[in-house]
Structures are given as C-alpha cells and as structure tokens.
Amino acid sequence: MPGKSRLSKFHLGDISELKQIGQERESKADLEDVQRWVKIAKQTRTLAGYSKSWDEVLGYFEENGVEDDDLHLWRSYRSLITQRKMGVYNDVLALTDIIAEDYYREFFDSPFLVDMLRRYAQHARPFTFLGHSEDYYYTYTHAHEHPIALVSIPRKGTTSVWNWLALPHEIGHNIFDNVIGYERELGRKIRTALSGEKFKIIGGRLPYGLRKNALMEIIWTFWLDETMADIIGTLFAGPAYVMARQEDSCDVAADIGGAHITLWDVKSMDMMKHPVCHFRVCICTEILRRIGFAGDAAELDIRWQDIHPNINEYIWFDPSAGYKELFRISRSELTRAMNIVLDVVLDRNMRVLNNQLLVELIKYSPEEHGIVLQIEHELARNHPRFPKNARPRMVLAASRYAFERDPDSADIIHENAVKGIQTLALNVKHRK
C-alpha cells in the first residue's frame, strides 16, 4: 500500500544485549587466536623445547581472557612467536636470550632463595624479541604466574653487543616484580627511613599542599622501580653497566632539555619514573663505591663532571601547567636521601628474600672483574680465546671496556663478542 512504512519489516533488538553477545564472540575469537599461535610456537624449532610453558601460556589466557593489560601481553607473545617462526632475527635473539637467561638464573638459582614466594612460574625463563619500539628496551612484567619473562629489545641496538648492557636492567625489573612482596616491603622500609629526616627543598607552595619533609618519600616512591632496576644492573655488570648508562643518559638529557631537569604532571599525579638523568648515573657510581670499585667510580664521576660541569641542583617542572617550575632540590640534599635509600636496599635483610641481603645474592666481584678484563683483551684479536670459567654475561661487560678503549675496532669487537657468547654458552651447557 502506498505510503506504508517499510520499517515494520525490521525487528530491532536491544542494543546492550547485542553488544554483550558481540563482545562474547570477540573474546572467543581472541582465544582462538591464542590457540592458533600457541600451536605455531610448539611447532617452531627455537620454541618447541618449551611445550609445557606454551601450554601454561594458553591456560592463563583461557582462564583470564585477552583484554586490557593482558591484551598487550598477548600481542607481545604473538610478536615473539612470529619472529621466531620467520627466523629472520634468530641470530640476534639467540644471543640476547643467552645473556638474559644468564642474568636471570644467576639470581633465581641462588641456594638462598629456595621456596621463596615468586610471581612467575618456578621454571620460568626469559625470552627476548624485537618490540614495537625502535628506541628503547622494555620489560613486560605481570601480576600472575607466567612461564616466560618477556624482554623487548630495540632493533637499532642489535649490531653492538655493548648496547645490550640494558639487559641486566630489564632483568632487574623482572626480579623486582617477580619476588612477591619485595616492592611493598622495600617501599615501606624506605619511607620509614626517610620520614625521620628533614630535607631542604627550594620553592613556594608544593603540589597538593604537601609538607616538604614528605616530598622526598613521594619522589622515591615514583623512582623506586627504575632505581631498583639500575641497582640490580650495576650489581650484575659493575662499571661497564655505568659506562653504558652515562651514554644513554646523555641522549635522554638532550631529549628533555637538560640533565638536571625532570617532570611532574601535577594534574594527573604522574612523575617521571626514572630519576633525574644526571642523578641516575650518580646513584650507580655510589653503588660501585659500596661494592669495592671506588677507583672506577671516581673515574666515571670525573667523566660525568666533564660532561655536566655545573649541576648542583635539580629542577621539577609541571608540563600540565605550561612547564611551570615546581621546586628545586640541591644535589647534596638528594645525595643524602639517596644514601639513606641505598642503606635500606643494600644493607637490610629482606624477609621476602628469605632474610638475605640483596648483595649476598648478586654482586659484581673482583674475581669476576678479573675475568672480564681477560675477555676484553681477547675481543680485539683475530683469533680470540675465552677463559673456560667465564660466563656469557661477562662478555657483555668486556665488550663495553673494549669499545671504550678502542672505538675504531667496533666491528671486530662486536664479532668476537658474538663468538664469545656462543662459545661460553656451550661451555656452560656442557658443564651442566
């Protein structure tokens, strides 16, 4: 009949019901995607030996779904599997896997940590992959038991072994996140230690009306995770780690506009997680002094002073308020706070570490340093020979020493370091 509405032929459902059904179907598709890729992982040569781990990965996502943070975690797993299946980067990833596992096992295989409460699976191992970032390393930590610790490495650093000294920092993140209750216990002890001190802070009214003697506690709360990764990195790799951090911090300082500057977005209560670029290196050299490498620390401090000759205070800016200056803290006052923090981190027994000191579990020793220096002299030779009692991670430290001593020999240093990592990995495997 002319003029009769044709809409009457349609049945319109409830939007909320349609949306819920659609989301359920999407979730099913996500899990099917996990199932497909886990099957591929178990058929991939470099991953097939970890079939049980991949079953556990599948079980986790079947139980928890693939959404929010777990969606990003799954995409990282998928990138890992894709790269290993393609095999294009297997030469690099095999090496970075060896180094990451060497650091990881050095801590978690400690006889002092038997039955320690851990967030990752007991048999967990780290895998590296080339992540979405072209510029920096990244660790995918997680709140539930997983059999794989994921470390993303940047493509641009793959041709220089000495750049892989970011790996002990990333494994540091995995350690700090893995030990259940570590961050809570350490944070509480640090806040207690700082709360009894008064610090001179230059500036007007502080954000949120904070008391000045409480501000230092807040700063170190924001910095704790990255500071612990640097502390562990220094304890793993010694002076070579600090050499690498000096170079990295120069790049970060250039990006942000100065080594003495840091940001605190007051509106969103979000402070930069890394310590001020200049001061971050100072933390690492202080650790070197505390573990017996005062001479190396002094030389590194001299180079740092030459690069940044007149930094005696650090400035916090608020980007949400047109980069308004918030306050300043002198280098001497922040150093005083740092020493209080390091006293807690290094010299206090931690209940969650089975009442051990961190430096009893990880410590770059004079004996290890001696082996590193032996390796350094081999890296510029045409036919290098590596000490049989060395570990692959020692090649990393040695490569930084060799590169700093003779940067024009960068190619042969990298090539020989690759040989050293491969050779020593086989030696370790045979000793087992």
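Refer to the preceding data block for the structure.
Before going into details, it helps to say that this report is about the structure given with it. All values derive from a computational prediction rather than experimental measurement.

### Some points on the sheet that holds strand β7 (residues 313–318)
- Strand order in the open sheet formed by five strands is β4-β8-β7-β5-β6, with mixed pairing between adjacent strands. Bordering the open sheet on either side are β4 (201–202) and β6 (270–271), each of which pairs with just one other strand.

### With respect to the pattern of salt bridges
- Within the structure shown, the criterion is met by 28 salt bridges.
- Between E247 and R400 there is a salt bridge, with the nearest N and O atoms lying 2.8 Å from each other. Of the two residues, E247 is situated in helix α8 (residues 239–256) and R400 in helix α14 (residues 392–405); the sequence distance between them amounts to 153 residues.
- We note a salt bridge from D301 to R289, for which the minimum N-O separation is 2.7 Å. Within this pair, whereas D301 is found in helix α10 (residues 294–307), its partner R289 is found in helix α9 (residues 277–290), the two being separated by 12 residues in sequence.
- Residue classification places D301 among the partly exposed residues on the basis of a relative accessible area of 25%.

### A word on the pairing of strand β3 (residues 148–153)
- Burial within β3 is extensive, with six of its six residues counted as buried.
- With burial as the criterion, each face of β3 is covered, one bearing I148, L150 and S152 and the other bearing A149, V151 and I153.
- Bridge analysis of strand β1 (residues 125–130) against β3 gives six bridges, and the strand direction is parallel. When the bridges of β3 are listed, T128 appears paired with V151.
- As defined by bridge partners, strand β2 (residues 138–140) adjoins β3 across three bridges and the pair is classed as antiparallel. Of the residues in β3, the one forming a bridge with Y138 is S152.

### Comments concerning the packing of helix α7 (residues 212–237) against helix α11 (residues 331–347)
- Closest axis-to-axis distance for the α7/α11 pair is 11 Å, and the angle between their directions is 60°. Relative to α11, α7 is oriented oblique. Taken as a pair, α7 and α11 cross one another with a handedness that is right-handed. When α7 is examined against α11, the residues M216, W220, W223, M228, I231 and L235 are found in contact with a partner set consisting of E333, L334, A337, M338, V341, L342, V345 and L346.
- Its residues assigned to classes, the contact of α7 with α11 shows 13 nonpolar, no polar and one charged.

Parameters at a glance
- Residues numbered from 1 in each chain as written.
- Predicted model: local features only at pLDDT ≥ 70, side-chain atom pairs only at ≥ 80, totals over all residues.
- Heavy atoms only, no water.
- Pairing = 2+ DSSP bridges.
- Helix = DSSP H or I, 4+ residues; strand = E, 2+ residues; numbered from the N terminus.
- Salt bridge = Lys/Arg side-chain N within 4 Å of Asp/Glu carboxyl O.
- Buried < 20%, exposed > 50% of the residue type's maximum accessible area, 1.4 Å probe, protein only.
- Axes fitted to C-alpha atoms, helices over the stretch in contact; angles between N-to-C directions.
- Parallel < 35°, antiparallel > 145°, perpendicular 65-115°, else oblique.
- Left-handed = near helix turned anticlockwise from the far one by under 90°.
- Contact = heavy atoms within 4.5 Å.
- Nonpolar A, V, L, I, M, F, W, Y, C, P; charged D, E, K, R; others polar.

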